[in-house]
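Coordinate inspection notes
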Amino acid sequence: MFGLGFLLGGNFITVVVAVLVVTIAFWKWKYQYWKRRNVPYLEPRIPFGNLTDVIRGKKFIGITLKDIYEEMKTRGWKHGGIYTFTKPTYIPMDLDYVRNIMTKDFKYFMDRDVYVNENDPLQAHLLNLSGTRWRNLRAKLTPTFTSGKMKAMFQVMAESQEGLQKMMHEEYKKNEPVNIKEILARFTTNIIGSCAFGLECHTLEEEDSEFRVFGRNLFKMTRLESFKRLFAVTFPEVAKFLDLSFSRKDVVDFIMNMVQDTIDHREKNNYTRNDFMQLLINLKNNKDIDGDGHDGKSLSMDELASQALVFFAAGFETSSTLMTFALYELARNEDVQETLRREIDSVLDKHDKQMTYDSIQDMKYLSQVIDETFRLHPPAAFTDRKCVEDYKIPDQDVVIEKGTQVFIPIMGIHYDEEYYPEPRRFDPERFTDENKKSRHNYAFMPFGEGPRNCIGMRFGLLQSKMGLVSLLKNYKFTVNKKTMEPLQYQPRNFVLAAQGEIWLNAEKIN
Ligand code: HEM
């Protein structure tokens, strides 16, 4: 009896050892991929490859990629390879390679490497789609974001700006440091809620309004969820087999109800408004974006709701973190803050003291401050592409295989001393017209680049500029000691965001 048990136990151990040996051999063989393809690579570690801290939920992926970029740069490489688990990822560093991938040879890299579960509702949005479906939808949605449309939406946005003034005044009266990150998140949630969904969402008056709670929870990711997402992108076939899903019932119900109610209300009352929702409704009703011609193919209800969700998700936190970082840097650099305030005052004086679409466009130094903030704290610290057809790197004996994931190391490039001496220093002078001209165009890409860049760039910039002008013309900011310094970034989030709150002292300006 015991002898049989021992033998079985012995067999079991042999099998486990054999499986382990084969697995390790497989992993090691996988980790030869970049060597076989003649691409320099950083030594990966079994089992997570080069993103161990990210997979363990300890470090934000964008920061890890910046560190990887810096390591590769010190070795003098023009590009390099890494691994996520066993999946090879290509990282172009030479800015001409980056330009080729994002723009010149875009047709080889038009997709993103995402895992989409076909059964998930709200997945058919622009960020996720690939191939012809992406191209058609992008063409349909592009007219939503022209400067003419932004100008028309300005009034809807301006109403939120008045609400921001009131909220800031209430906070100021408490005579305590202000939690600027939360104030700005409420402001952008209100704008995007009203522009994407056409709703009065009360995030400015109520701290825990339904919309703000929804926005706060939308990006919350447990360690397990963050692991699951990376796993699904790395092993899409296994994820498909396991039917992994990332849709949350609360998110789907909230968006679907919201969108349905809004459409019903507008269609019943024959009511239209200058906002994204109206433009999407026009597309649903098989009209072009301006509501008159027909473009042949309409948006389904799910597609409409998916776009509204992605506008909401991509639109509020990117801009609120940008403004938060800008005010933080301005609070630490009082001379820059003063110069900017002088510009705001003088431009507004020329425009009858009114904040208008045109007055905001006239603020050149404001753009420099925003660009320098984007350089130091890019909300999207990296972006990705997927190679859709074998591609030869022009001056190398290297072919990137169809199906390869590509990471564009935005933050790594933004901190590269070759383009930005003393990269950690906040200095808006780097973005004067003259200094911009002296750099490669792809040395700065907070909104990505090429045909698949950020579709909402104009909207993001406009709401951010509006928020900053509104606050800076009335308040002077300094850093309060409750703020964690040096600044740390949240390890698990979709965008680069500060860990903890950013507390600023606000002093009223007469
Ligand atoms: C400060 C604000 C923002 C920043 C920094 C930002 C950044 C980015 C970046 C880096 C990308 C990827 C681009 C690429 O891969 O080349 C992106 C894509 C995208 N963004 Fe933004 N974004 C901002 C605001 C917005 C807003 C306000 C909206 C919508 C209202 C929006 C909607 C989108 C969408 C739909 C995509 C996917 C585009 C596609 O794949 O065709 N973004 N954004």
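The structure we're discussing is the one just above.
From a predicted model like this one, the values you see are computed outputs, not experimental measurements.

Moving on: the nonpolar core. Ranked by size, the top nonpolar core spans 160 residues in total, and within it Phe197, Ile255, Phe276, Leu327, Phe459 and Phe477 carry the most contacts. Looking at which element gives the most residues to this core, the answer is helix 14 (residues 301–332), with 16 residues.

Turning our attention to the site of the ligand. The full set close to the ligand counts 29 residues, and Arg138, Thr383, Arg385, Arg452 and Cys454 are the nearest of them. For the ligand, an oxygen atom lies 2.8 Å from a polar atom in the side chain of Arg138. Arg452 places a side-chain nitrogen or oxygen 2.8 Å from an oxygen atom of the ligand. Those elements that place two or more of their residues in the shell around the ligand are helix 6 (131–141), helix 14, strand 4 (383–386) and helix 20 (457–472). Considering every element that reaches the shell around the ligand, the biggest residue donor is helix 14, with 5 residues.

One open sheet accounts for 4 strands, arranged 1-2-7-4; its pairing is mixed. Two strands lie at the open edges of the sheet, namely strand 1 (79–84) and strand 4, each paired on one side alone. With strand direction ignored, the average angle separating the axes of adjacent strands in the sheet is 30°. Lying over the sheet, helix 5 (residues 95–104) contacts strand 1, strand 2 (87–92), strand 4 and strand 7 (405–408), oriented at roughly 115° with respect to strand 2.

In this structure the tally under the stated criterion is 32 salt bridges. In this structure, Arg212 engages Glu182 in a salt bridge whose closest nitrogen and oxygen atoms are separated by 2.9 Å. Of this pair, Arg212 sits in helix 9 (residues 210–218) while Glu182 sits in helix 8 (residues 180–196); the two residues are 30 residues apart in sequence, bridging distant segments of the chain. The partner of Arg266 in a salt bridge is Asp275, and the shortest N-O contact between them spans 2.7 Å. The residues Arg266 and Asp275 share a single accessibility class, namely buried. A network of salt bridges, in which partner residues are shared, links Glu182, Asp208, Arg212 and Arg216.

What follows covers the packing of aromatic side chains. Overall, the coordinates contain 31 aromatic pairs when judged by the stated rule. With 5.8 Å between their ring centres and 85° between their planes, Phe85 and Phe227 make a pair best called edge-to-face. Residue Phe85 is located in the loop between strand 1 and strand 2, and its partner Phe227 is located in helix 10 (residues 223–234); the two are separated by 142 residues in the primary sequence. Note on Phe106 and Trp134: the rings are 5.8 Å apart at their centroids and 55° apart in plane angle, and the pair reads as tilted. In this pair, Phe106 sits in the loop between helix 5 and helix 6 while Trp134 sits in helix 6, placing the two residues 28 residues apart along the sequence.

We now examine the sheet that holds strand 9 (residues 503–508). Backbone hydrogen bonds are what pair the strands of a sheet, in a parallel or an antiparallel way. Overall, antiparallel pairing links the 3 strands, which are arranged 3-9-8 in an open sheet. With one partner strand each, in any of the chains shown, strand 3 (178–179) and strand 8 (475–479) form the two edges of the open sheet. Here strand 3 pairs with strand 9 via 2 bridges, running antiparallel. Paired with Asn179 across the two strands is Trp503, which belongs to strand 9.

With that settled, the discussion passes to the layout of surface pockets. Size it by volume and the second largest pocket reaches roughly 970 Å³. Contributing to the lining of the second largest pocket are 41 residues, with Asp113, Val114, Tyr115, Pro236 and Lys386 lying nearest its centre. Residues that form the lining of the second largest pocket fall into these classes: 15 nonpolar, 11 polar and 15 charged.

Taken together, the side chains of Arg45, Arg56, Lys58 and Arg223 define a basic patch exposed on the protein surface. Looking at the secondary structure, you find Arg56 in the loop between helix 3 (52–55) and helix 4 (61–74). Residue Arg56 is classed as partly exposed on the basis of its relative accessible area of 40%.

What follows is about helix 20. Given 3.6 residues to a turn, an α-helix orients residues that are three or four positions apart in the same direction. Look at helix 20: 22 Å from first C-alpha to last across 16 residues, which is about the 22 Å you get at 1.5 Å a residue. Of all 16 residues making up helix 20, 13 are buried, and the element is well covered by its neighbours.

Calculation notes
Residues numbered from 1 in each chain as written. Predicted model: local features only at pLDDT ≥ 70, side-chain atom pairs only at ≥ 80, totals over all residues. Heavy atoms only, no water. Core = buried A, V, L, I, M, F, W, Y, C linked by side-chain atoms within 4.5 Å. Buried < 20%, exposed > 50% of the residue type's maximum accessible area, 1.4 Å probe, protein only. Helix = DSSP H or I, 4+ residues; strand = E, 2+ residues; numbered from the N terminus. Near = heavy atom within 4 Å. Polar contact = N/O pair within 3.5 Å; in protein donor to acceptor, adjacent residues only side chain to side chain. Pairing = 2+ DSSP bridges. Axes fitted to C-alpha atoms, helices over the stretch in contact; angles between N-to-C directions. Contact = heavy atoms within 4.5 Å. Salt bridge = Lys/Arg side-chain N within 4 Å of Asp/Glu carboxyl O. Phe/Tyr/Trp six-rings, centres within 6.5 Å; stacked < 30°, edge-to-face > 60°. 1 Å grid on protein atoms, 1.4 Å probe; cavity = no way out; pocket = protein on both sides within 12 Å on 5 of 7 lines; lining within 4 Å. Points joined across faces, edges and corners; volume = space filled by probe spheres on them. Nonpolar A, V, L, I, M, F, W, Y, C, P; charged D, E, K, R; others polar. Patch = residues over 30% accessible without salt bridge, like charges linked within 9 Å, V, L, I, M, F, W, Y side chains within 5 Å. Areas by Shrake-Rupley, 256 points an atom, 1.4 Å probe, with all protein chains shown as cover. Lys, Arg positive; Asp, Glu negative; His and termini not counted. Charge placed at Lys NZ, Arg CZ, Asp CG, Glu CD. Expected span 1.5 Å × (residues − 1).

No statement about biological role is implied by the geometric values presented.
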